[in-house]
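Residue-level structural notes
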Amino acid sequence: MSSTPDNVTFDPSAFLATCSGRPGVYRMFDSDARLLYVGKAKNLKKRLASYFRKIGLAPKTAALVGRIAQVETTITANETEALLLEQTLIKEWRPPYNILLRDDKSYPYVYLSDGDYPRLSIHRGAKKSKGRYFGPYPSAGAIRESLSLLQKTFLVRQCEDSYFKNRTRPCLQYQIKRCKAPCVGLVEPEVYAADVRHSVMFLEGRSSALNDELSGSMEKAAMNLEFERAAELRDQVALLRRVQDQQSMDGGTGDVDVVAAFVNPGGACVHLISVRGGRVLGSKNFFPSVAIEEEVGEVMSAFLAQYYLAHSERELPGELIVNVMHEDFETLISAIDTLRGQQLVISHRVRGNRARWQQLAVTNAEQALAARLANRQHMGARFEALAKVLGLKETPMRLECYDISHSSGEATVASCVVFGPEGPLKSDYRRYNIEGVTAGDDYAAMRQALVRRFSRIKDGEGKLPDILLVDGGKGQLSMAREVLDELAVPELVLLGVAKGVTRKAGFETLYLNDAAHEFTLPGDSPALHLIQQIRDEAHRFAITGHRARRGKTRRTSTLEDVAGVGPTRRRELLKHFGGLQELARASVEEIAKSPGISKKLAESIYATLHSE
């Protein structure tokens, strides 16, 4: 190891005169001994000399060089060892001028527990529990889609074991046909075992064999005149084939990661599509912190090294399809072989469906970065601040907030507004006209809205949010938690937003997941500003819907329900009596005195007006 002398002014000429030309790693420090940048080189002297030339430096590189007060180098046996050491140092110290991948969490798996009635669920972390694990999936959203499909198709339970063991009657999942209620013995063990086996075949990527088996069972049931069973199997086959068409990928049973990088002056995005067993499991966007390397190839190389080397526990496919090549890929392949004992192929020129998926990854990266940079109100920073105050491992990508609006119980409307890091997702907004609840019962109204919303999501319509905000205090929060538990909605953060004692903005009391976790945020908190923004938007959307519904009700005359009373007669009646209220007070005889109204028609009008 070598370093510069410990003095105030860094002399690059003196340093380079003693620098080695062998492979190794270099570390750059500022005057306060803070690590600024870590890099590797096949030839340390040549690489470091490129930083200290007098002309031709990019602005960000020049800014880095201007802060350098000390450089240390470590010589390695070869470039592969240099790459491994570089990634170790970047992961440990996270220097500000390196490309940094914010992805320290473990990736989720689908977990199938042991027992007579196994449970399907999302799992992160160490695989200590007995059972089977499928994945990994690129994101929690991707795994929720698979679980939703399996629950809809094969009705395998997803509830917690504690909830399952203490049931005395079927829950809401059974009522909406998402579970066969094994908790109360409404399904035979062998039937449930068959559903579990089919779920495993799907998770293993054996979709063709699964379709063939279900099709054969469907034909057999039809031959035996078991038409209900045949229809059930037909629906399963149709759903699985639809999904299989959407997830088709040239390459049969191959394991592939499709990675595309895109860079513009505002930042960088890397989009990754995961394919396992020939089936697309999902995709995810990454926004690495880019400091001095702004070339697409540099971003791609840094991303792949950190993604696959810094997290050796992460599953590695047999092939990567990328949109750009880089000279360091050979070193990366060698480092992966050294560290993990696994061969890796990196492909760039591909054809057919593989080229289509490569282009799709590029398009997704471009659009994701454009959307991120288009937000002029720093929405992304607010989302990150919210993740920090809530203690989340990753920044949420979808927030939903619900509110109720009515006038003394009249024309009750529930609103659902959706926000992402790019801002309001207005195409996903929803309103619910609340019926059949006691006037003014906000708890029942909120419950009805949540059940309707999340039942549709369980049906595969729409997306699950990462955080569910409820405008209300402990009561509304508890009710929302009850609905989510009944519907077995996985990994969903609940946030209750209650007005403070003064009921002024900035003094809200927040509840995280349950009433016991109560806290407040300072008035200048970006996270609080986001909460206020989405809460106010939900309130505005609910009021707008309520007013529209109330106005429609008040504009709709009760007389429209009377046969023989058309627009002209309605207008003349209301004109004669001076309004609907006075008409309702009139007797049959008084109504019959109106122009064009017979005694029989007057009796019908009177009966309609007093039907309540």
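For the structure itself, consult the block above.
My aim in this report is to walk through the structure given alongside it, one point at a time. (Residues numbered from 1 in each chain as written. Predicted model: local features only at pLDDT ≥ 70, side-chain atom pairs only at ≥ 80, totals over all residues. Heavy atoms only, no water.)

The next subject is the overall build of the protein chain. Along its length, the protein chain carries 21 helices and 20 strands. In summary, the protein chain has a C-alpha radius of gyration of 32 Å against a globular reference of 25 Å for 612 residues, an excess of more than 25%. The principal-axis extents of the C-alpha atoms in the protein chain amount to approximately 115 × 65 × 45 Å. Among the 612 residues that make up the protein chain, the fraction classed as buried is 50%. The contacts in the protein chain between residues at least 6 apart in sequence include a share of 63% that link residues at least 24 apart. Working note: accessible area of the protein chain is about 30,200 Å², and carbon and sulfur atoms make up 50% of it. Considering the protein chain, the positive charge centre built from 83 side chains and the negative charge centre built from 75 side chains are found 3 Å apart. (Helix = DSSP H or I, 4+ residues; strand = E, 2+ residues; numbered from the N terminus. Rg over C-alpha atoms; globule rule 2.2 N^0.38 Å. Buried < 20%, exposed > 50% of the residue type's maximum accessible area, 1.4 Å probe, protein only. Contact = heavy atoms within 4.5 Å. Areas by Shrake-Rupley, 256 points an atom, 1.4 Å probe, with all protein chains shown as cover. Lys, Arg positive; Asp, Glu negative; His and termini not counted. Charge placed at Lys NZ, Arg CZ, Asp CG, Glu CD.)

Our focus in this paragraph is the sheet that holds strand 6 (residues 120–123). Strand order in the open sheet made by the three strands is 6-5-7, with antiparallel pairing throughout. Either end of the sheet is taken by a strand with one partner, and the two such strands are strand 6 and strand 7 (131–134). The average angle at which neighbouring strand axes cross in this sheet is 30°, direction not considered. Pairing between strand 5 (residues 109–113) and strand 7: four bridges, direction antiparallel. Looking at strand 7, one finds that valine 110 is bridged to phenylalanine 134. Of the strands in this sheet, strand 5 and strand 6 are in contact with helix 5 (residues 140–154), which crosses strand 6 at around 175°. (Pairing = 2+ DSSP bridges. Axes fitted to C-alpha atoms, helices over the stretch in contact; angles between N-to-C directions.)

Below, the discussion takes up the packing of aromatic side chains. Within the structure shown, the criterion is met by 14 aromatic pairs. Taking 5.9 Å as the distance between ring centres and 50° as the angle between the ring planes, the aromatic pair formed by phenylalanine 10 and phenylalanine 15 counts as tilted. The class for phenylalanine 10 is buried, based on a relative accessible area of 14%. Judged by centre distance (5.1 Å) and plane angle (75°), the ring pair of tyrosine 117 and tyrosine 192 falls under edge-to-face. Here tyrosine 117 is found in the loop between strand 5 and strand 6, whereas its partner tyrosine 192 is found in helix 8 (residues 189–203), with 75 residues between them in sequence. (Phe/Tyr/Trp six-rings, centres within 6.5 Å; stacked < 30°, edge-to-face > 60°.)

Before going further, it helps to spend a moment on unusual backbone geometry. Positive phi is not limited to glycine here, since arginine 94 has a value of about 45°. Within the secondary structure, arginine 94 sits in the loop between helix 4 (79–93) and strand 5. Positive phi is not limited to glycine here, since alanine 181 has a value of about 55°. Its place among the elements puts alanine 181 in the loop between helix 7 (172–175) and helix 8.

With that settled, consider the nonpolar core. Residues Phe303 and Leu304 are the most contacted members of the largest nonpolar core, which totals 32 residues. The dominant element in this core, judged by the number of residues it contributes, is helix 11 (residues 296–308), at eight residues. Ignoring anything within four residues of it in the chain, the contact list for phenylalanine 303 reads Leu101, Val259, Val270, Leu272 and Phe286. Of all hydrophobic cores here, the second largest spans 30 residues; its members include Ile143, Leu149, Phe154 and Leu233. (Core = buried A, V, L, I, M, F, W, Y, C linked by side-chain atoms within 4.5 Å.)

The next subject is the pattern of salt bridges. Overall, the coordinates contain 25 salt bridges when judged by the stated rule. Note that glutamate 394 is salt-bridged to lysine 284, the shortest N-O span being 3.8 Å. Of the two residues, glutamate 394 is situated in the loop between helix 14 (379–390) and strand 13 (399–407) and lysine 284 in strand 10 (residues 279–286); the sequence distance between them amounts to 110 residues. Taking the relative accessible area as the measure of exposure, glutamate 394 reaches 30% and is therefore partly exposed. Via salt bridges that share partners, Asp30, Asp32, Arg34 and Arg67 belong to a single interconnected network. (Salt bridge = Lys/Arg side-chain N within 4 Å of Asp/Glu carboxyl O.)

The values are spatial; any link to function lies outside them.
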